[in-house]
Each structure stands twice: as C-alpha cells, then as structure tokens.
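Results of the structural survey
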Amino acid sequence: MTTRRQFLGTIPAAGAALTVGSSFLLEGSSARAETTPPLAGHFHPKGKAPSKFTLDVLRNAKATLPFSDTRDLDEQKKGLIAPMKELQIKADGGHVAWDMKRFQFLDEQDHFDSIHPSLLRQSKLNNNYGLYEVIPGIYQVRGFDLSDITFVRGKTGWIVFDPLVTAEPVRAAWKLFQEHVGEGLPVSAVIYSHTHADHWGGVRGLVDEADVRSGKIPVIAPIDFMSFTISENVYAGNAMNRRLFYQYGLLLPASPHGFVGQGLGQGISAGSVGLIAPNRFVSDAIEEIDVDGVKMIFQNTPNTEAPREMNTYIPDMKALWMAENVIASLHNIYTLRGAPVRDPLNWSKYIAESLHLFGKEAEVMFASHHWPRWGNERVQEVLRDQRDLYAHMNNQVLHFANQGVTINQIHNVYQLPKSILQKWHCRGYHGSAENNARGVIQRFLGYWDCNPTTLIPLSPEDSAPLYVEMMGGSTKIIAKGRELHDDGKYLLASEIVNKLVQAEPGNADAKDLLADIFEQLGYQQENPGLRNSFLAAAYELRTGIPQGEIADSSSPDVIRAMSTELFLNFLAIRMDSRKAEDLRFTMNLITPDNGERFIVELENATLTNIQGHQAEKADLTLTINRADLEMTMMGAKTLETQIAEGKATFEGDISILGKLAATMVDFDPRFEIMPGTKARTGKVAHSDAYQALPERIIAE
Ligand SMILES: [Zn+2]
C-alpha cells in the first residue's frame, strides 16, 4: 500500500517520474489509441511541439529581457569550494530523496523551444549544487533541496541556518561541509528563520533532540513559531495538497516539455521530515543575542513571507541574512496552492527597516534560497528594488481598484515599473505579478467584482450546457476552438472549449483539444507555478488522475506540533454536518499532563470547542494525557484502545464517541479539478476516525 506521503513525496523526486508513476498512473486508464505519432522527446504520447505563436512569445521575451546583466551568473558561482559529485541522495527508506540527475538536461542546451528563456535562466542558476563560501566563516550548501542550508562559524562549533526539508539531504550537506571546511566541529546552534517546512524539516539530520531539551544546543526561532509551523496548512490541507499537483507540477517528469524546476529551487526533497521544538524564542522587534560567541541582531518580520519570520544581522562580519524576505525572485502575495493572502506593504516596510538598520553597512547579503549578493552597493540595490517591488504592487493595484478595476481585470491592467522589470531578482519565479495583483484585490476587497451577475453565479457545470447549446453544439465549438488554437488565440480558445468540457466531461476530443491549448499556454509562461498548472491540467485531461490505494501517515513531530485546539478545530472540519443533524452532546476533554481543558459541544450540526472551560453537566468527560492523545492523532491507536489500556478514562455516555466518529469523513487528495478526469477506484484508508491528518507539510 502506498502511503499518502509516499504518493505525494516520491513522484516528483523520482528520477524517471513517469516510469515510477506510470504503472499506477495508467492503470485502468481510458486513454484512447493515438492516431498521430507522439512528438519525439515529449514525455506524453499526446504531447505537442510549441507552436509558431509560442515560439514568437518566447523569442520576444528573449529580446526584451536584460540578458546583458550577468551578475547573477557570477554571484551564483562565486565561492565554490566543492561541487557535490553524487547526483542522487538516497532516503533512509531506500528510495531517492533528492535527484539532480533529472535536471542535467537543462545544462545540455542553451535554448529550448518549450521553456521560457527567463525561466530557463533561473533553472540553470538553480542547478548549482555544492558547497560555497559566502565569506570566510559563512558557508552555504546549495542545490540539495528547495532551500539552502547555511553554516556560520561560532566559537565552539557551527551555527546552522535553516536545515532544509528532510533529514537525508541535510546529512549529505553536513558530510560535504565537514570534508572541506567543518574541521570536525559540532553543530553549536540552529536557527529557524521562519515557519515554512523547507526551513526546519531536516533538523533531525543534524541535531539530537536530547541536546536541545537539555539546552546544550540552542534552537532559535521567532516568537510563536510552533503555533504557526503547521497551522497554515491544516484546515484546508487536503485541498492545498491537491493544488500542489498543479503549482508544483507533481506528476510532470523533469523534461523540456514538463517540469523544469520550481524557481525557488529545483524541487522538494522526499526524505524524512522532523521537527525539534525551539528552546529559545526571539520575541522583541529587534533583539541581540550572543549565539555561540557570535553577536547576532535578530529582526522579527511577522506577516511577511511567512506568518512568523526573522532576518539576522551579524555586525562583526557585516553579513545580512534576509531569511526568505529577499530572494532572487518576486515572491508570493497569493500562493497558487492556496494560503491566506500576504501583506505586501508590511513586507515592503520590513525590507525598508532592514535596509536602514543593517543594509547601509552590510557587505554581504545571503538568504535561504538562491545565492548571496556581495558589496554594499549591490546589497542596497537588491534591498531597494525588493522594497519597491512589494510596495508598488500594493499601491498601484489599489490605485487601479479605486478606479473600478476588478479582480477579474487587474492582472491584464497592472504592470510593474519598467525599471523593476529589468531586474532579474524582481521577476516572477515564485510569485507571478498577475496572481499577486489579484491577491492584493482579494486581500482588500475579496473575490467579488461587484457585478451582480457574479454575485451568486451558477456553478460552471450548470451554466455550461446552455453556452454549448447556444454556440451550436460540440462539433461547432471544437471547430472554432481548433481555429482559435491554430491562430494562437489560446486564452479565447480555452474559454469556449472549457465550457464544452464542463458541459460534456466525457467528450474526449474536447478534453484533448483543451489539453493542447493549455500546453501552449504552459510553454509560454515565465513563472513555474503558472507553467506547471497549465501543463498539469493538460496532463490530467490526457491521462486522468492517478489511481491506487492511499493510506495516511503523518510525521510524529508534525502531530506533536499540532495543538489540541487545532486538532479539535480540524475534527469539526472533517465532520460531515449533514450526518450530525440529529446529534447533540456536551463533552469535557481533560489532558492532565499539559493542564488543558476543553468543552466540546455538538449542537446545530456544528462541532465547537472552547479551551479553558468545563461544562457542569457534561454528557461525557474524557480524560487522557496529551502525550497519549497524540497516538490517536497519529492514527496509531484508537480511542477505544486507549480506554481499554487504561490510558484514557471516562465518565458518562461513551457511545457519544462512536456517534461522532461515524460523522467523520476521510479527505482524498485525488479529487477532480478538470471535469472528466476522475477514474479512480482506490480508497483512503484511515485507521481511526480521530486521526489528525495534517496534510503534507508545505515548503515555500
Ligand atoms: Zn523557503
């Protein structure tokens, strides 16, 4: 049986993603016999070459982009101590956790006719893979994961910034580092710059938890780090997971017609995720800490790139760590996988604060993705550009919104200033200007464009049949869609062919045509999230959604990071309220080992909880240590077993638990996005209705 983690984790990292995935991707597929021969070199039998219109788009982009500015190429290479020779890093489970072999094709040609030249440039830069000196005393291992790992020399050992996504690449990075620079000295401190998983998930590859608990190794993080590490992706976690298949192109093999890197880095490692809770929190806005003999000034930057994040300045080295607040890309205000829209003005102001507090004297700036910037002039240039990038987006989008431009138009109206568009480090390799602009409107005005037609619109599948009828039926739509496609008018073509696919999900010709349209749009994108989304939809329209049994397993560390309140809130989301119309109860939940108490109430088909209270007349009082409850949250032990083993005790009507369990629904990450792509048979297998199921931790 494939676990959900394996299902989600191994596919993108598989050296030959299609060969690994295809046995179950194509199982029972209704793919029809193909009449035209497949495009040579394309991974999919229905794949098409870029059209002359697509080639024009890419050619024009190449002519207008600042290719004469080659500073990134120099900065990326600078300080190379040792390249990493092994292109694959094995996971403890035996599979490949990290695979750079699959990206070697990027360096074999200067030009690909199916990759935007700007994205190709970024992906070539992200092919850096090895150990680099930032300045004497600061080193980075880059290209071992989506993020970079950084080592700063302390008095007694190495201070580590941001230990990647999983333990296996962290161990490989540490080994390479020790072979050349580390002098056998131990890790003396760890700093998590922010809450996203690509900045802490590999910590167990470096550090023994006992040394953190005893205080021997400080693990430093911004205040409230733990409550935000997973909270961003629990409530809508299953939906986010599904959307990752689009934004991160999880089913697309690495190839010129498929996945070509993720902009932030080449991809996400598929080893084991762990989390060791920090033992030192930075709570002041600006806080100075002596970390293993190194004076560090921490700048908290809440609600910027992450809910909790901090930059660090090392004055004695004139070195400025910008976490993920300033990288070699425009970042996400709106994230395609889904997340609360970020605050670009707040983000910009924190960059301005960094500039004025530290940037005036810093001689080097480095971050958790990409490569460093050397020299104060360059540091200031990048900081100023990034400050303006986010502020401009906020200000000019709202400028247009105040003149009536809506969320459905802004991406076609809003443009970044020409001076910013000429800066490579401001281009959209993670966030896209189009979707960030829509995100700003979403943040301030929400999704409604204020036209009552869109106030309570019909669902797409309900309005589409009338469009199809009025347009004269499927034959006419396919003919016109084909004509628009052949004229390179892909967005118009997608409008009408999508209506047909919505109305007739079983229409294979319509789905194939829509896939062809999406594919050209995908090739034309500079932004990897947009490219992957178009190509992922094309893939699913052609092949269907992968099948196979899925069972869930969650990292114990991630479960431990989930508060009981968050767990109870999530149970209320998993409950199908339609099954709870006739249920009513009041329950007290007590977890003595951490002193927490809750009232959990089901009334009006709604499950609520309130911490710190107890009901006088509860129908059921359940007492269980939080440490034991975690076994149930992990799906390792049912509540019934806990009671049988004496780990949980109760007073009152225990049948309530069974009734509540019967209302719980298992979320399946394979739900249909494009109509007519679902052909699955496998079920999600959960061992217990009360399993917590925080979905895959999300790197960003
Ligand atoms: Zn990151």
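Because the structure is predicted, anything quoted here is derived from the model rather than measured.

Rules behind the numbers
Residues numbered from 1 in each chain as written. Predicted model: local features only at pLDDT ≥ 70, side-chain atom pairs only at ≥ 80, totals over all residues. Heavy atoms only, no water. pLDDT = per-residue confidence, 0-100. Helix = DSSP H or I, 4+ residues; strand = E, 2+ residues; numbered from the N terminus. Contact = heavy atoms within 4.5 Å. Core = buried A, V, L, I, M, F, W, Y, C linked by side-chain atoms within 4.5 Å. Buried < 20%, exposed > 50% of the residue type's maximum accessible area, 1.4 Å probe, protein only. Pairing = 2+ DSSP bridges. Axes fitted to C-alpha atoms, helices over the stretch in contact; angles between N-to-C directions. Donors = N, O, S within 2.8 Å, 3.2 Å for Na, K, Ca; no water.

Points about the confidence of the model for the protein
Of all residues in the protein, 92% have pLDDT values of 70 or greater, and the mean over the chain is 92. The element-level mean pLDDT for the protein is lowest in helix H2 (residues 17-25), coming to 27, with strand S15 (residues 319-321) highest at 99. Within the model, pLDDT remains below 50 along residues 1-34, and this stretch shows 79 contacts once partners closer than five positions in the same chain are excluded.

A few points about the nonpolar core
Considering soluble globular proteins, one finds that nonpolar side chains tend to be buried as a cluster. In this structure, Phe 144, Ile 149, Tyr 192, Trp 200, Val 207, Met 562 and Phe 567 are the most contacted members of the largest nonpolar core, which totals 128 residues. The element that contributes the greatest number of residues to this core is helix H18 (residues 508-523), accounting for eight residues. If we skip the residues at most four places from it in the chain, Phe 567 touches Met 562, Leu 629, Met 633, Tyr 690 and Ala 692. In terms of nonpolar packing, the next biggest core, distinct from the first, is built from 34 residues, Ile 333, Tyr 414, Cys 426 and Ile 441 among them.

Considering the sheet that holds strand S5 (residues 130-135)
Taken together, eight strands build an open sheet; the order of strands is S2-S5-S6-S7-S8-S9-S10-S11 and the sheet is mixed. The sheet is open, and its two borders are formed by strand S2 (80-83) and strand S11 (280-282), each paired with just one other strand. With strand direction ignored, the average angle separating the axes of adjacent strands in the sheet is 20°. Where strand S10 (residues 219-222) meets S11, three bridges bridge the pair, whose relative direction is parallel. The partner of Ile 220 across the bridge, within S11, is Arg 280.

What about the coordination of the zinc ion?
Protein coordination at the zinc ion: the donors are Asp 198 (OD), His 199 (NE2), Glu 324 (OE), His 369 (NE2) and Glu 700 (O), at 2.0 to 2.1 Å from the metal. When the donors of the zinc ion are listed by position in the chain, the intervening gaps give D-H-x124-E-x44-H-x330-E. With Asp 198 in the loop between strand S9 (187-191) and helix H7 (209-213) and His 369 in the loop between strand S16 (364-366) and strand S17 (373-374), this pair connects stretches of sequence that are 171 residues apart. Using a relative accessible area of 0% as the deciding quantity, one classes Asp 198 as buried. Residue His 369 is classed as buried on the basis of its relative accessible area, which comes to 1%.

So, the pairing of S5
S5 sits mainly inside the fold: five of its six residues count as buried. Across three bridges, the pairing between S2 and S5 is antiparallel. Among the inter-strand pairings, Ala 82 is bridged to a residue of S5, identified as Leu 131. Pairing between S5 and strand S6 (residues 138-142): five bridges, direction antiparallel. Bridge pairing in S6 links Tyr 132 to Gln 140. The loop that links S5 with its antiparallel partner S6 comprises two residues; one of these, Gly 137, has a positive phi angle of about 100°.

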